[in-house]
Amino acid sequence: MIEAELKLAKYFDSLMEFAENSSQSEQDSILLAGAMMGAAKVIYQRHLHPNEAQNLLDHSGYDLLNLIKPTLH
């Protein structure tokens, strides 16, 4: 499991670096995040059983909402 966690951290760092280097505004960053979420959904649906994909999306969605909820007020 540690190898998977290290890969995930590396992918996350790469995506954050990409976002920081390519976004010109807050709107760009938010749109990029939406595109990443869309890409994640497509990848999950291609490679997982439909129930597994939906379960992962549901949990990831809750994590995202909990992360950004304090900033929505």
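As the structure is a prediction and not an experimental result, all values here were calculated from the model.

So what exactly am I meant to see when it comes to the overall build of the chain here?
Across its full length, the chain holds 3 helices and 0 strands. Secondary structure elements in the chain, listed N-terminal to C-terminal, are α-α-α. Within the chain, the fraction of its 73 residues that count as buried is 7%. For the chain, the exposed surface amounts to about 6,600 Å²; the carbon and sulfur share of it is 62%.

Sorry if this is basic, but what is going on with the pattern of salt bridges here?
Opposite charge on two side chains allows them to pair when their charged atoms are near. Taken as a whole, this structure holds 1 salt bridge when the rule is applied. Two residues, lysine 7 and glutamate 3, come together in a salt bridge whose shortest N-O distance is 3.9 Å. With lysine 7 and glutamate 3 both in helix 1 (residues 2-22) and 4 residues apart, the pair spans about one turn of that helix. Assessed through its relative accessible area of 44%, lysine 7 is described here as partly exposed.

Explain the side chain of serine 23 to me, please; I cannot follow it from the model alone.
Residue placement: serine 23 occurs in the loop between helix 1 and helix 2 (26-47). Assessed through its relative accessible area of 17%, serine 23 is described here as buried. Within the structure, serine 23 has its side chain in polar contact with the backbone oxygen of alanine 19 (distance 3.0 Å).

Before we go on, may I ask you to explain the environment of tyrosine 44 in this structure?
Following the sequence through the fold, tyrosine 44 ends up in helix 2. Given the relative accessible area of 22%, tyrosine 44 is considered partly exposed. Other than its neighbours up to four places away in sequence, tyrosine 44 contacts Ala53, Leu56, Leu57 and Ser60.

Thresholds, definitions, all that
- Residues numbered from 1 in each chain as written.
- Predicted model: local features only at pLDDT ≥ 70, side-chain atom pairs only at ≥ 80, totals over all residues.
- Heavy atoms only, no water.
- Helix = DSSP H or I, 4+ residues; strand = E, 2+ residues; numbered from the N terminus.
- Buried < 20%, exposed > 50% of the residue type's maximum accessible area, 1.4 Å probe, protein only.
- Areas by Shrake-Rupley, 256 points an atom, 1.4 Å probe, with all protein chains shown as cover.
- Salt bridge = Lys/Arg side-chain N within 4 Å of Asp/Glu carboxyl O.
- Polar contact = N/O pair within 3.5 Å; in protein donor to acceptor, adjacent residues only side chain to side chain.
- Contact = heavy atoms within 4.5 Å.

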